[in-house]
Amino acid sequence: MEDVSVSFDGFRALNHLSLYIDDGELRCLIGPNGAGKTTLMDVITGKTKPDSGSVFFGQTIDLLELDEPAIAQAGICRKFQKPSVFDALTVFENLELALKTDKRTWPTLFHKLNSEQRDRIQDVLQTIALPAQQRQLAGALSHGQKQWLEIGMLLMQDPKVMLVDEPIAGMTHQEVERTAELLLSLQGQHSIVVVEHDMEFVRSIARKVTVLHEGSVLTEGTMDEVQNDPRVIQVYLGG
Ligand SMILES: Nc1ncnc2c1ncn2[C@@H]1O[C@H](COP(=O)(O)OP(=O)(O)OP(=O)(O)O)[C@@H](O)[C@H]1O
């Protein structure tokens, strides 16, 4: 995205913001409250249309010309903070449902799963470390397991870009570690943008961190680079 600005009633939530994410990259986005992180995600997914600037997916897809469903269809998906799995269905059924909402496999709604689809579900179960829980009701999972299941549901659609909003909120220490492993295992195949306030977690997964402040990119670099940047320190300490 280049030179993107978004105003709400005269207030600039994004201010000439430019951000470039590589194919398969895992990028962490940090910044104090109100920096514009959520608004940035909203612009990428089409929920908010900017006042100015350009947002491209690859070289050719102009996201500003697409609505939210079309952007999702193009392979950009978002994981919100609160898990929204179907508690009354099993883990397997949740993944099955995610598969069936994929427009490309729409006709399978009325058929049994084929072996390729079963393999796909098993692959995702391995990735999210829930194969042993596949026959359990999602409602019986721990908070962390629900979050992984929801990531698994997104993976069923084989997204090119995953936007992940505060993935570890409310998780136990062990769940946090497992989530770091999960996100790291996904990079390469998917571009992942993680918004997170927990700096230790960001340090454990980030190769490159982007710091937002007042709607613009303040700086980008490794966690060490940004944490030692006097501007970042000042912004976080409110100096
Ligand atoms: N729909 C809206 N109407 C008016 N103001 C808004 C709207 N959405 C966001 N804002 C304002 O824009 C600014 C940026 O908000 P945004 O939610 O993007 O920040 P954030 O970095 O995600 O913050 P947080 O870390 O607290 O979630 C804030 O000052 C917020 O109050």
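Structure: above.
Predicted model only: the values in this text are computed from it and were never measured.

A. Structural view of the nonpolar core. Counting 47 residues, the largest nonpolar core has Leu149 and Met162 as its most contacted members. Among the elements that line this core, the one with the most residues is helix 5 (residues 143–155), at 6 residues. In this structure, Leu149 is in contact with Val85, Val91, Asn94, Leu95, Ile128, Leu130, Ala138 and Leu141, ignoring residues within four places of it in sequence. Membership of the second largest hydrophobic core comes to 23 residues, among which are Met1, Val6, Ala35 and Val43.

B. Expanded view of the environment of Glu181. Considering the arrangement of structural elements, one finds Glu181 in helix 6 (residues 173–186). Along the backbone, Glu181 and Pro167 are 14 residues apart, and their C-alpha atoms lie at a distance of 12 Å.

C. Up close: the pattern of salt bridges. Using the criterion set out here, one finds 9 salt bridges in the structure. For the salt bridge of Lys79 with Glu150, the shortest nitrogen-to-oxygen distance reads 3.2 Å. Of this pair, Lys79 sits in strand 7 (residues 76–79) while Glu150 is found in helix 5, placing the two residues 71 residues apart along the sequence. Residue classification places Glu150 among the buried positions, given a relative accessible area of 8%. When salt bridges that share partners are traced, they join Glu25, Arg27, Lys208 and Glu220 into one network.

D. A look at the state of the cysteines. Taken as a whole, this structure holds 0 disulfides when the rule is applied. No disulfide involves Cys28; its nearest neighbouring cysteine sulfur is the one of Cys77, lying 16 Å away. Given a relative accessible area of 0%, Cys28 falls into the buried group.

Rules behind the numbers
Residues numbered from 1 in each chain as written. Predicted model: local features only at pLDDT ≥ 70, side-chain atom pairs only at ≥ 80, totals over all residues. Heavy atoms only, no water. Core = buried A, V, L, I, M, F, W, Y, C linked by side-chain atoms within 4.5 Å. Buried < 20%, exposed > 50% of the residue type's maximum accessible area, 1.4 Å probe, protein only. Helix = DSSP H or I, 4+ residues; strand = E, 2+ residues; numbered from the N terminus. Contact = heavy atoms within 4.5 Å. Salt bridge = Lys/Arg side-chain N within 4 Å of Asp/Glu carboxyl O. Disulfide = S-S within 2.5 Å.

Any link to function would need more than the numbers given here.
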